[in-house]
Amino acid sequence: MNISEMQQAILQLKQEQDVCILAHSYVAREISEIADYTGDSYGLSVQASKVPQKTVLMCGVRFMAETVKILSPGKRVILVSPLAGCPMAEQMDKDMISQVKELYPDYTVMAYVNTTAELKTIADVCVTSSSAVQIAKALDNDKILFIPDCNLGAYVAEQVPEKTVKLLQGGCPVHAAVRPSAVKQAKQLHPDALVLVHPECVPEVTAQADYVGSTTGIMNFAKRSDAREFIIGTEISIAEHLQYECPDKFFYPLDKQLICPNMKSTTLVDVYRALRGEHGEEICLDAEVITQARRCIDKMIELGG
Ligand code: 13P
Ligand code: SF4
């Protein structure tokens, strides 16, 4: 079977079995082409609470599949690539944050969606990269304990200076590895290009950007902009998707090392095999974990919509 034959087979199986395929924007082009919805973490969360199908295949990482399960406990949620974790989501656990909370009892715990379902049970509000600033502004507390990403947290602190934001040392190993000198070099090579970066990058990188936003935010900015050249400071697939969608513009990855191996672990063959019941992992969470974790996600949708 070639790629297009496999895509056709997937579309047919998906229809016969009434399955919805959700894909994060970092997955390969051939997967996003057969997905019902592709987007950033916020878009996937909102979509997850609306889809009519009883089975959802998640092409992304584990915390995204867990978020779908929390929002739709009655659905069968399959993580297509069981190996796809997010290292940031595993950096802090419930015990550790419970202890930190005792040190800051009057702070609202704002958890990036890139956390485990278990950790979400003790968070007050969940955020994504596209909703964090808006939610921090809307929150009825001036004191925020932001976990786990200190770079996204620092970006929120800068954008919402009226609030006190405490940070812990966590973050995305892929985005945090981009050096500020990479921006300088890319600008020298492409002086007319706008620099669009993800807020998981270090503050010295985001400070040099023309636009800072989520994966969907970056894609929308580039598509709507009158500029013709863009340096893309997030996972390398976003520059590839944009190049397909806007063939008259030019997209340069900020750093060729910006590759998330976990996001790359889902293949089209995995999707096909998951639909045949030969691959993937069904996400199962305790009813208590679902109920408690849901509170912070519902609050995110309420404040971030
Ligand atoms: P987005 O919310 O921008 O999709 O980010 C998710 C992510 O894991 C970025 O590394
Ligand atoms: Fe996690 Fe970073 Fe990969 Fe996003 S890019 S899934 S934050 S490791």
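Anyway, here's the lowdown on the structure attached to this text. (Residues numbered from 1 in each chain as written. Chains lettered and ligands numbered in written order. Predicted model: local features only at pLDDT ≥ 70, side-chain atom pairs only at ≥ 80, totals over all residues. Heavy atoms only, no water.)

**Examining the overall build of the protein chain**
Right, so step 1: Counting its regular elements, the protein chain contains 15 helices and 13 strands.
Right, so step 2: Computed over the C-alpha atoms, the radius of gyration of the protein chain is 19 Å, within 12% of the 19 Å expected from 2.2 N^0.38 for a compact globule of 305 residues.
Right, so step 3: Referenced to the eigenvectors of the C-alpha coordinate spread, the extents of the protein chain come out at roughly 55 × 55 × 30 Å.
Right, so step 4: Every one of the 305 residues in the protein chain was classed for burial, and the buried ones make up 57%.
Right, so step 5: Taking all contacts inside the protein chain whose residues are at least 6 apart in sequence as the whole, residues at least 24 apart take part in 62%.
Right, so step 6: Accessible surface computed for the protein chain: about 13,300 Å², of which carbon and sulfur atoms make up 49%.
Right, so step 7: In the protein chain, the 29 positive side-chain charges and the 39 negative ones have mean positions that sit 2 Å from each other. (Helix = DSSP H or I, 4+ residues; strand = E, 2+ residues; numbered from the N terminus. Rg over C-alpha atoms; globule rule 2.2 N^0.38 Å. Buried < 20%, exposed > 50% of the residue type's maximum accessible area, 1.4 Å probe, protein only. Contact = heavy atoms within 4.5 Å. Areas by Shrake-Rupley, 256 points an atom, 1.4 Å probe, with all protein chains shown as cover. Lys, Arg positive; Asp, Glu negative; His and termini not counted. Charge placed at Lys NZ, Arg CZ, Asp CG, Glu CD.)

**Quick look at the pattern of salt bridges**
Right, so step 1: Enumeration according to the criterion identifies eleven salt bridges in this entry.
Right, so step 2: A salt bridge links Arg29 to Glu245; its shortest N-O distance comes to 3.6 Å. Separated by 216 residues along the polypeptide, Arg29 in helix 2 (residues 29–32) and Glu245 in helix 12 (residues 236–245) bring together distant segments of the chain.
Right, so step 3: Relative accessible area serves as the criterion here: at 38%, Glu245 is assigned to the partly exposed category.
Right, so step 4: A salt bridge links Arg273 to Glu278; its shortest N-O distance comes to 3.6 Å.
Right, so step 5: A relative accessible area of 32% means that Arg273 is categorised as partly exposed.
Right, so step 6: Residues joined in a network through salt bridges with shared partners are Arg29, Glu33, Lys223 and Glu245. (Salt bridge = Lys/Arg side-chain N within 4 Å of Asp/Glu carboxyl O.)

**Focus on the pairing of strand 5 (residues 108–112)**
Right, so step 1: Most of strand 5 is tucked away, with five of its five residues classed as buried.
Right, so step 2: A two-sided burial pattern is seen for strand 5, the buried positions comprising Thr108, Met110 and Tyr112 on one face and Val109 and Ala111 on the other.
Right, so step 3: Bridge count between strand 5 and strand 7 (residues 143–147): four bridges; the pairing is parallel. Residue pairing for strand 7: Val109 is matched across the bridge by Leu145.
Right, so step 4: Across three bridges, the pairing between strand 5 and strand 6 (residues 125–127) is parallel. (Pairing = 2+ DSSP bridges.)

**Thoughts on the packing of aromatic side chains**
Right, so step 1: Under the counting rule described, the total for this entry stands at three aromatic pairs.
Right, so step 2: Ring plane angle 65 degrees and centroid distance 5.2 Å describe the contact between Tyr104 and Tyr107, whose orientation is recorded as edge-to-face.
Right, so step 3: The buried category is assigned to Tyr107, whose relative accessible area is 13%.
Right, so step 4: Taking the centre distance of 4.7 Å and the plane angle of 25 degrees together, the rings of Tyr211 and Phe221 count as stacked. With a gap of ten residues between them, Tyr211 in strand 10 (residues 211–212) and Phe221 in helix 11 (residues 215–224) connect regions that are remote in the sequence.
Right, so step 5: Overall, Tyr211 belongs to the partly exposed group, its relative accessible area being 23%. (Phe/Tyr/Trp six-rings, centres within 6.5 Å; stacked < 30°, edge-to-face > 60°.)

**Remarks on the site of ligand 1**
Right, so step 1: All residues adjacent to ligand 1 are His24, Tyr26, Asp40, Ser41, Tyr112, Asn114, Ser129, His175, His198, Glu200, Ser214 and Thr215.
Right, so step 2: Tyr26 has a polar side-chain atom sitting 3.3 Å from an oxygen atom of ligand 1.
Right, so step 3: Measuring from an oxygen atom of ligand 1, one finds a side-chain N or O atom of Ser129 at 2.9 Å.
Right, so step 4: When ligand 1 is considered free in solution it has 300 Å² of accessible area, and contact with the protein chains removes 96% of it. (Near = heavy atom within 4 Å. Polar contact = N/O pair within 3.5 Å; in protein donor to acceptor, adjacent residues only side chain to side chain.)

**Re the sheet that holds strand 5**
What links the strands of a sheet is backbone hydrogen bonding, and the strands pair in either a parallel or an antiparallel sense.
Right, so step 1: Pairing is parallel across the open sheet formed by four strands, whose spatial order is 6-5-7-8. Each edge of the open sheet carries a strand with a single partner, namely strand 6 and strand 8 (164–167). Shown here is a sheet whose adjacent strand axes are inclined to one another by a mean of 30 degrees, direction ignored. (Axes fitted to C-alpha atoms, helices over the stretch in contact; angles between N-to-C directions.)

**What to know about the nonpolar core**
Right, so step 1: Counting 92 residues, the largest nonpolar core has Met110, Phe146, Ile147, Ile232 and Leu254 as the members making the most contacts within it.
Right, so step 2: Those residues in contact with Phe146, other than ones at most four positions away along the chain, are Met110, Tyr112, Val127, Leu152, Gly153, Val156, Val165, Lys166, Leu167 and Leu168.
Right, so step 3: Grouped together as the second largest cluster of nonpolar side chains are 20 residues, Ile10, Ala23, Ile78 and Leu268 included. (Core = buried A, V, L, I, M, F, W, Y, C linked by side-chain atoms within 4.5 Å.)

**What about unusual backbone geometry?**
Right, so step 1: Cis geometry marks the peptide bond from Ile147 to Pro148; its omega dihedral reads -15 degrees.
Right, so step 2: Topologically, Pro148 is positioned in the loop between strand 7 and helix 8 (150–159).
Right, so step 3: At Asp18, a residue that is not glycine, the phi angle is positive and equals roughly 55 degrees.
Right, so step 4: Within the element layout of this structure, Asp18 appears in the loop between helix 1 (3–17) and strand 1 (19–24).
Right, so step 5: Given a relative accessible area of 45%, Asp18 falls into the partly exposed group.

**Quick look at the site of ligand 2**
Right, so step 1: Neighbouring ligand 2 are Tyr26, Cys86, Pro87, Met88, Asn114, Cys172, His175, Glu200, Cys260 and Met263.
Right, so step 2: Residues that form the shell around ligand 2 fall into these classes: seven nonpolar, two polar and one charged. (Nonpolar A, V, L, I, M, F, W, Y, C, P; charged D, E, K, R; others polar.)

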